[in-house]
Structures are given as C-alpha cells and as structure tokens.
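Results of the structural survey
Residue-level listing of the chains:
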Amino acid sequence: MTTATQEETLGFQTEVKQLLNLMIHSLYSNREIFLRELISNSADACDKLRYAALDNDSLYEGDSELRIEIEHDSDAGTVTIRDNGVGMNREDVIANLGTIARSGTAEFLKQLSGEQQKDARLIGQFGVGFYSGFIVADEITVRTRKAGDDASSGVEWRSRGEGEFTVADVERERHGTEIILHLKEDAQEFADDFRLQSLVRKYSDHIEVPVKMPRTEKAHDDDGNEVEGSEVTTWETVNEATALWVRPKGEVSDDEYKSFFKHIAHDFSDPLTWSHNKVEGKLEYTSLLYVPGRAPFDLYERDGARGVKLYVQRVFIMDDAEQFLPLYLRFVKGVLDTRDLSLNVSRELLQQDPKVDRIKSALTKRALDMLKKLARDKEAYQGFWNTFGSVLKEGPAEDSANREKIAELLRFATTHTDSATQDQSLADYVSRMQEGQDKIYYIVADGFNAARNSPHLEIFRKKGVEVVLLHDRIDEWLMSHLTEFDGRKLVDVAKGDLDLGDVENEDEKKAQEETAKAKEELVKRVKDALGDEVQEVRVTHRLTDSPACVVLPEHEMGYQMRRIMEAAGQALPEVKPILELNPEHVLVGRLEGTDEGFDDLARILLDQAIIAEGGHLDDPAAYVKRLNALLSA
Ligand SMILES: Nc1ncnc2c1ncn2[C@@H]1O[C@H](COP(=O)(O)OP(=O)(O)OP(=O)(O)O)[C@@H](O)[C@H]1O
C-alpha cells in the first residue's frame with residue numbers, strides 16, 4: 001500500500017503549459033512517438049545509474065540487472081513504463097516534470113503558430129520528451145525513488161496536463177521510475193500487446209537496455225482446457241538490446257541506423273547521412289556520427305546542446321560531450337565509445353586530456369569526409385547546405401588545419417547562375433576561370449540583390465569573369481580567413497586596386513593609364529571639393545554603367561562586417577572610402593564641364609556610390625536636397 005503524505009499542488013511553468021497545449025494538438029498524427037520518448041528517458045536513467053554505480057555499487061540495491069518493463073491493462077485503459085534506473089527525488093521531480101530548463105525555449109514557443117503541420121515540424125526540432133505522454137493520456141501518474149535513498153523517499157507525481165500537477169511523498173520499495181499513462185478514450189488502441197511490441201521494435205530495438213513485456217501462460221489439462229489459477233507470468237525481452245554501434249557495420253540495416261539516430265538525437269525525422277567507424281591501434285574507439293535532416297531549434301544558441309554521447313567501454317558517461325567536435329560541426333550528432341579514457345572521466349578532466357584532442361581531430365576528419373561523400377549527391381547536399389551551410393562557414397576561422405577540406409565543402413551563389421541559391425563550389429568556379437585569370441573574385445554585400453547589382457561587378461560582367469556573390473552575415477568573417485583556394489588568391493572586388501591579371505591585354509592597360517593622366521585635373525578638383533570625406537579620388541575602368549563607386553583599402557574591414565559590429569555596439573574608428581570615377585560616364589563628363597555647382601554634383605556622385613554599396617548617408621536630407629535642386633535646374 002502506498003500512503004501519500006506531504007501532498008502539494010503546483011503550477012506548471014508557463015512554457016510547459018504552452019508546449020503541452022500546442023503539442024497535443026499538433027502531434028496528433030504522430031501519437032505513437034510517446035513510447036519512444038518515454039523509453040528513451042528510461043534508458044537514459046539506466047545509463048545514469050550504471051555510471052553512478054561505478055563508484056558506489058550499493059546504488060543498485062542488489063538489483064543490477066538494468067531493464068525497462070512495459071505493461072498494460074486494457075480494462076483500466078492504462079500503459080505503464082517502468083525502469084530500475086537512477087530515479088528521482090522530490091526536488092528532481094518538481095524541476096524535471098514541471099519546468100523546461102532549456103534556454104531559448106520562450107523564443108522557440110513564440111514561433112509556434114497553431115498551424116498543425118508547421119508546429120509538428122518545429123516541435124520535432126525541439127524534442128518533447130516526457131510531456132509527449134499527454135498526447136495519448138488524459139492523466140499521468142509517475143512514481144519514482146532515487147537509487148540509494150530510503151524506501152520512504154518515494155515520490156508520486158500526478159497531473160492531467162492542464163496547468164498543474166500534484167506531488168506527494170510515498171513509500172517505494174524499488175528504486176527507479178514508473179510512469180502510468182491513463183489513456184484517453186481515443187487512444188485505447190495502445191493498451192494492446194501486439195501494438196506495444198511492434199512500437200518497441202520499431203523505435204527502441206537498438207537500445208542496449210532490455211525492454212521487457214510480460215507474457216502470461218496458463219497450464220492446460222488433459223482435455224486441452226485452461227487450468228484456473230495456473231497463470232505463470234514471464235518477462236520477455238522484446239528489443240534486440242545490444243548497443244547498435246558495437247555491431248559490425250554490415251549487419252546493421254539503414255532503418256536501424258535511422259531509428260537509432262532518432263533515439264540519440266531526440267529527432268523525429270531521418271538523418272541525411274551517417275558514418276560508423278571502428279578504430280584500433282594507437283587510439284581505440286568506435287564512433288557513429290550523423291548529419292541530421294534538419295536544424296535543432298537551438299543551433300545558434302550559445303549554450304545549445306551539442307557534441308556526442310560519450311561512452312567508455314560501453315558504459316554511458318555523458319550526453320553532449322562537446323570536446324570531441326569543433327563548434328562549426330555542432331550540428332553533427334552521434335556516439336563515441338572509447339577505451340582510451342577512464343571511466344571516471346568528467347567534463348573538467350576531458351578538457352585536460354591530450355587524448356581528447358587526438359580523438360577530436362580524428363572525428364573532425366571523419367565528419368568532413370562524411371560531408372564530402374554526401375556532396376556526391378547534389379540534391380541531398382543542397383538540403384544539407386541550406387540547413388547548416390552558414391554554420392560550416394565558421395570552419396575556416398576555427399580550424400585552420402582543415403581549411404582546404406572545409407573550403408571544398410562550401411557552396412556559394414555566383415554570377416555564373418545569378419541566382420541566390422548557394423550551390424556552386426570553389427572547384428566549380430576554378431573550372432570555369434578565364435584564360436589568364438589567376439584569382440577568385442568575390443563581393444560581399446548586405447543582401448543578394450545588393451551583391452548582384454553592385455557597380456563593382458560591371459567590368460567583370462563585361463569581361464565574362466565570374467564573381468562569387470556573398471551576403472550571409474558570416475561571409476566577410478569567413479573570407480577574412482579563407483584567403484586562398486587551390487593555390488588561387490581570393491580577392492574582394494570592392495577593396496584595393498582592381499587587378500584583372502592577364503584577362504586584360506597590354507593595349508587596354510595602356511589606354512587606362514592614358515585616361516588616368518588625362519583626368520588628373522578633374523580628380524584633383526573632386527578631391528578638393530570633397531575634402532576629407534574621402535581618402536582618395538581616382539579614375540577607374542571597373543565601371544561601365546555607373547558613374548562612380550566607393551572602394552576600401554585592401555586590408556580595411558569591409559562595410560558588411562562594420563555594420564554588423566556597429567549594430568552589436570562596437571565602436572570602430574571611422575574609415576574614409578576611396579571614390580572611383582568612371583571617365584566614360586556622361587555624368588562624369590558633365591562634372592568636368594561644370595563650374596557652378598561642381599561641389600554639389602561631386603557630392604551627389606559620392607553619396608550615390610555609398611547608397612549603391614548598401615551604406616547609410618550621414619545626412620540623407622542634404623543629399624535629397626542637392627539632388628532635387630539638380631533635377632529642377
Ligand atoms: N524515467 C526517468 N527516470 C529518471 N529521470 C527521468 C525519467 N524521465 C524523465 N526524467 C528526468 O526528467 C527530465 C526531463 O525529461 P524530458 O523527457 O522532458 O526531457 P529530456 O529527456 O531532458 O530532454 P529531451 O527528451 O528533449 O532530450 C530528464 O532530463 C530526466 O532528468
């Protein structure tokens with residue numbers, strides 16, 4: 001008998017209430033996942049107990065055969081999931097089953113719209129865990145006791161999922177957790193042996209902890225009739241119950257790999273690809289790495305979950321061991337099982353162990369190779385790139401040792417396709433380079449159209465020289481660390497002097513020099529008119545349609561990065577642009593012939609060039625006034 005004392009009723013945290021509401025509604029057609037989620041939690045609880053018991057055997061309380069039991073009562077309409085894992089005390093229960101302690105949750109919930117399909121996708125990204133029980137149950141009872149505590153420290157938690165829950169102290173002989181789902185009227189189908197067994201096989205086959213279900217048999221008399229009262233119940237293991245990564249590759253089916261991914265990543269959708277490796281020799285480890293099909297909700301959260309599930313000789317040590325993969329591969333999920341670390345390893349110890357670095361560098365290579373293989377399938381890779389490309393772009397800055405490998409995996413929009421889709425590799429670009437071209441050209445702007453229509457591209461389009469079009473926030477940062485590819489320099493077309501190499505012939509170069517000479521007087525007048533608004537004025541041949549453009553010195557921080565840093569509150573020293581004039585343009589010709597109003601026209605050309613660059617004018621009203629005066633003259 002359990003006598004409940006110290007009963008108190010508490011409210012769910014607001015986020016839990018919101019999540020419950022939306023989840024029940026939007027996951028209706030995915031209802032069966034509740035079982036996978038609850039089994040996953042139980043398996044984690046068993047893993048945690050095994051780990052804690054390494055130091056203190058008595059935590060097993062004489063019951064070291066870790067297992068999960070599932071039973072149902074079709075008359076009562078209940079399904080029970082029970083484990084002899086680590087269990088929870090009262091405090092744990094209130095914290096774990098009453099709140100969501102992940103940062104970014106509130107923002108995530110704001111994105112949910114009430115539109116079923118969209119929300120189901122988003123909630124899948126978030127991971128619903130324990131609360132998914134309420135998709136099929138209108139009441140849940142949890143009974144639990146922390147391993148090692150007294151039998152009197154059991155806790156009972158009850159809730160109808162409607163905003164509050166009740167906790168009470170109960171006597172509990174067994175440690176571990178029991179979750180009783182009181183099925184909703186329309187979910188009674190789950191109180192069925194066959195249904196439950198097939199769900200366990202479908203979702204939880206590869207979990208190392210055995211999942212057991214009871215089988216009751218009755219004896220039969222000589223006439224073949226069942227003998228009353230002769231029932232014998234045995235607990236049969238329903239799942240395969242061996243750790244999937246331990247099995248040889250050839251024996252694991254794609255479906256098994258996929259469902260294992262869903263277990264470790266708490267993801268609803270299939271992974272894009274995976275890589276399973278057993279390494280022997282100096283380092284000994286088995287790794288199974290996955291690229292998910294979609295981004296988790298906290299991909300850009302500073303403290304978002306990342307890293308692999310770490311095992312030492314098959315014993316679970318920790319989730320999210322972030323020391324084994326670089327930050328730019330934070331989307332990779334997986335398992336690492338090694339003999340090279342001690343079972344007592346902690347997060348702090350991981351940071352000091354040189355073997356960790358060696359494994360990290362090996363796993364990084366594996367992950368990059370896995371992406372390289374994936375890239376052979378253009379369509380699948382595009383899916384990957386659209387989801388995780390901007391994270392991979394952090395790579396060259398973070399991991400200079402693998403810079404070239406990462407560079408091969410990058411995809412860009414370029415003037416070759418003139419489309420915003422980032423689907424061209426640098427190798428594609430190099431294969432199309434013009435005769436005499438020895439550099440890879442790129443432009444960085446705030447948006448795709450600003451990049452594509454930048455005046456800086458005019459000469460490149462005229463000469464048929466391809467330019468990489470960059471506009472992601474990270475792009476300028478990326479390019480500041482990616483200065484070469486395949487022996488070719490990467491050059492920002494909006495910085496420094498224009499150098500088209502041998503794409504221009506000697507005659508053209510000579511003609512340009514002559515024009516520059518002929519315009520020396522004009523250049524000087526413009527510089528005098530603009531004063532220290534600009535650091536230099538010169539004529540250019542990079543323009544065909546525009547009268548002028550602004551250029552930055554070669555090693556200056558670009559406009560995009562400046563704007564991002566300024567928006568983040570960083571004070572930067574002011575930088576004056578170089579104004580370049582197109583000597584062929586009619587407005588420049590007109591400027592040359594102007595005396596009165598020269599300063600205003602020169603100023604208009606400068607302001608326009610800044611606007612075309614995506615920049616902001618210091619005094620936009622003055623610009624409009626000057627322009628209007630000119631238009632109405
Ligand atoms: N069977 C269980 N035994 C012990 N603790 C449990 C059990 N089920 C849940 N918990 C505790 O409750 C916490 C919350 O569970 P929940 O499923 O909501 O989230 P999670 O497992 O941490 O995250 P997610 O499932 O999204 O990865 C768990 O982290 C764990 O500490």
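- By the naming in an unreviewed UniProt entry, the chain is Chaperone protein HtpG, taken from Halomonas huangheensis.
- A UniProt comment under Subcellular location (unreviewed entry) is attached to the chain, and it reads "Cytoplasm".
- On record in UniProt, under Subunit (unreviewed entry), the comment for the chain is "Homodimer."

**Some thoughts on the site of the ligand**
- In the vicinity of the ligand, 15 residues are found, and the nearest of them are Asn41, Ala45, Asn96, Gly127 and Gly129.
- The biggest single contributor to the shell around the ligand is helix α2 (residues 33-53), with three residues.
- Tallied by class, residues from the shell around the ligand come to five nonpolar, nine polar and one charged.

**Some remarks on the domain arrangement of the chain**
- By domain assignment, the chain separates into domain 1 (5-237), domain 2 (244-387), domain 3 (411-501) and domain 4 (506-557 + 565-632).
- Across the boundary between the two partners, domain 3 contributes 13 residues, which contact 15 residues of domain 4.
- Each residue belonging to the side of domain 3 that touches domain 4 can be placed in one class, and the counts come to six nonpolar, three polar and four charged.

**A look at the packing of α2 against helix α7 (residues 193-204)**
- Close contact between α2 and α7 brings their axes to 9 Å; oriented N to C, the two are set at 65 degrees. By crossing handedness, the relation of α2 to α7 is classed as right-handed. Residues Leu35, Arg36 and Ile39 of α2 touch α7, and the partners they reach there are Leu199, Tyr203 and Ser204.

**Some points on the pairing of strand β11 (residues 285-291)**
- The element β11 is largely enclosed, with a buried count of six among its seven residues.
- Relative to β11, strand β10 (residues 273-279) is paired through seven bridges, and the arrangement is antiparallel. Opposite His276, over in β11, you have Leu288 as the bridge partner.
- Here β10 folds back onto β11 in antiparallel fashion, the turn holding five residues, of which Gly281 has a positive phi close to 125 degrees.

**Topic: the sheet that holds strand β21 (residues 548-551)**
- Taken in spatial order, the three strands make up an open sheet running β20-β22-β21, and their pairing is mixed. Edge positions in the open sheet fall to β20 (536-539) and β21, since each of these has one partner strand only. Taking each pair of neighbouring strands and ignoring which way they run, the sheet shows an average axis angle of 25 degrees.
- Pairing of β20 with strand β22 (residues 578-581), which is carried by four bridges, proceeds in the parallel orientation. The partner of Arg538 across the bridge, within β22, is Glu580.
- The strands touched by helix α19 (residues 520-530) within the sheet are β20 and β22, with β20 carrying the most contacts at an inclination of about 150 degrees.
- Where helix α22 (residues 598-612) meets the sheet, it contacts β21 and β22, and its direction lies at approximately 65 degrees from that of β21.

**Some thoughts on unusual backbone geometry**
- Its identity as a non-glycine residue notwithstanding, His266 has a phi of 50 degrees, on the positive side.
- As for its position among the elements, His266 is in the loop between α8 (254-265) and β10.
- Backbone geometry at Asp486 places phi at a positive 55 degrees, although glycine is not the residue there.
- Inspection of the secondary structure assignment puts Asp486 in the loop between β18 (484-485) and β19 (488-492).
- Exposure remark for Asp486: the 12 C-beta atoms within 10 Å place this residue in the exposed category.

**A closer look at the sheet that holds strand β3 (residues 78-83)**
- Reading across from one edge, β1-β6-β5-β4-β7-β3-β2-β8-β9 is the order of the nine strands in this open sheet, with mixed pairing throughout. The sheet is open, and its two edges are formed by β1 (5-11) and β9 (232-237), each paired on a single side. When the angles between neighbouring strand axes are averaged without regard to direction, this sheet yields 20 degrees.
- Both strand β8 (residues 211-217) and β9 contribute to a ladder of six bridges, which runs antiparallel. Residue Thr216 lies in a different strand from β9, and its bridge partner there is Thr233.
- Sheet strands touched by α2: β2 (68-73), β3, β7 (176-183) and β8. Its angle to β3, the strand with the most contacts, is close to 20 degrees.
- Sitting on the sheet, α7 touches β2, β3 and β8, and the angle it makes with β8 is about 155 degrees.

**Some remarks on the environment of Phe108**
- Checked against the element boundaries, Phe108 lands in helix α4 (residues 105-110).
- The exposure class assigned to Phe108 is buried, which follows from the 21 C-beta atoms found within 10 Å.
- Once the C-alpha coordinates of Phe108 and Ile123 are considered, the two residues, 15 residues apart in sequence, prove to be 9.0 Å apart.
- For Phe108, the contacting residues outside a window of four places in its chain are Phe126 and Phe297.

**Comments concerning the pairing of β7**
- Counting buried positions along β7 gives seven out of eight residues, so the element sits mostly inside the fold.
- Bridge count for β3 against β7 is six bridges, and the pairing is antiparallel. For Thr80, the partnering residue across the bridge sits in β7 and is Ile180.
- Of the strand pairs in this sheet, strand β4 (residues 137-145) and β7 are connected by eight bridges, and their pairing is antiparallel. Looking at β7, one finds that Thr141 is bridged to Ile180.

Thresholds applied
Residues numbered from 1 in each chain as written. Predicted model: local features only at pLDDT ≥ 70, side-chain atom pairs only at ≥ 80, totals over all residues. UniProt positions renumbered as here; feature names shortened; annotations may be inferred. Near = placed C-beta within 6 Å. Helix = DSSP H or I, 4+ residues; strand = E, 2+ residues; numbered from the N terminus. Nonpolar A, V, L, I, M, F, W, Y, C, P; charged D, E, K, R; others polar. Domains from an automatic or database assignment. Contact = placed C-beta atoms within 7 Å. Axes fitted to C-alpha atoms, helices over the stretch in contact; angles between N-to-C directions. Left-handed = near helix turned anticlockwise from the far one by under 90°. Buried ≥ 20, exposed ≤ 12 C-beta atoms within 10 Å, placed from the backbone. Pairing = 2+ DSSP bridges.

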